[in-house]
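Take a look at the letters that make up each chain.
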Amino acid sequence: MMSTPGLLSAFRRTALVLALVAGGMPAFAQESTKQSINQSADQSATQIASNQAVGEVVLIPSRVIYPGETINLAALKQVTLIVGKHKPDGVVTRTEDLDGKIAKRTLLPGRYIPSTAIREAWLVEQGASVQVFFIAGGLTISATAVTLQPGAAGDLVKVRNIDSGKILSGTVMADGTIQVSAS
């Protein structure tokens, strides 16, 4: 079957316009359907951006960030959302909430960073020797223990007393010590 290039091009243009409008594409893609399909995406995005007010600014990964990797600002880029588009609930986009945190799962470039996908850096590592304190009123008992699991400040972790071999649970303090309570 032979067709003229102009007819095929018009057919493709119409199909693309219908797919974009019906497919729920971002606002800039729907607005750009009024323009020639052959125009570059950069030109249409620039034209649309110049006609609208500035949207919300968010941080997204600029490269793949792997689980266990520390997130630093060099691995993030700042983007402006299209006016009318808002970031979903439960995502982290502020510098102070991301810098120095650890990725719990793979973070892909150009995607939002869910708050469940990051964690604080461990203050105590598994197998590390730590000081354990029991404080009750004026009584303070200290011992050396080995952590059985890693933890950040405020986490409840299990430790093994080196002298007795007894396993205790305690809270990781900001200075890297473990505070246990009476059980």
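Fair warning: this is a prediction, and the values are worked out from it, not measured in the lab.

From N to C terminus, the protein chain includes 4 helices and 11 strands. Out of the 183 residues belonging to the protein chain, those deemed buried represent 25%. Put simply, of all contacts in the protein chain between residues at least 6 apart along the chain, 42% involve residues at least 24 apart. Here the protein chain displays about 11800 Å² of accessible surface, and carbon together with sulfur accounts for 56% of that area.

Attention now goes to the pairing of strand E10 (residues 167–172). Two elements, strand E9 (residues 156–161) and E10, share 5 bridges in a ladder whose sense is antiparallel. Paired with Arg 160 across the two strands is Ile 167, which belongs to E10. Where E9 folds back onto E10 in an antiparallel hairpin, the turn is made up of 5 residues, including Gly 165, whose phi is positive at roughly 80°. The pairing of E10 with strand E11 (residues 178–180) spans 3 bridges and is classified as antiparallel. Counterpart to Gly 170 in the pairing with E11 is Val 180. Between the end of E10 and the start of E11, which pair antiparallel, lie 5 residues, with Gly 176 showing a positive phi angle near 90°.

Another point: the environment of Asp 175. Examined against the element boundaries, Asp 175 turns out to sit in the loop between E10 and E11. Given the relative accessible area of 61%, Asp 175 is considered exposed. It is 8.3 Å that separates the C-alpha atoms of Asp 175 and Ala 153, two residues lying 22 residues apart in sequence. Side chain to side chain, Asp 175 and Thr 177 meet in a polar contact 2.7 Å long.

Right, let's talk about the pairing of E9 for a bit. Here E9 shows one buried face, formed by Val 157, Val 159 and Asn 161, and one open face, formed by Leu 156, Lys 158 and Arg 160. Strand direction decides the pairing type here: strand E8 (residues 139–147) and E9, joined by 3 bridges, are antiparallel. Opposite Ala 145, over in E9, you have Asn 161 as the bridge partner.

The rules we used
Residues numbered from 1 in each chain as written. Predicted model: local features only at pLDDT ≥ 70, side-chain atom pairs only at ≥ 80, totals over all residues. Heavy atoms only, no water. Helix = DSSP H or I, 4+ residues; strand = E, 2+ residues; numbered from the N terminus. Buried < 20%, exposed > 50% of the residue type's maximum accessible area, 1.4 Å probe, protein only. Contact = heavy atoms within 4.5 Å. Areas by Shrake-Rupley, 256 points an atom, 1.4 Å probe, with all protein chains shown as cover. Pairing = 2+ DSSP bridges. Polar contact = N/O pair within 3.5 Å; in protein donor to acceptor, adjacent residues only side chain to side chain.

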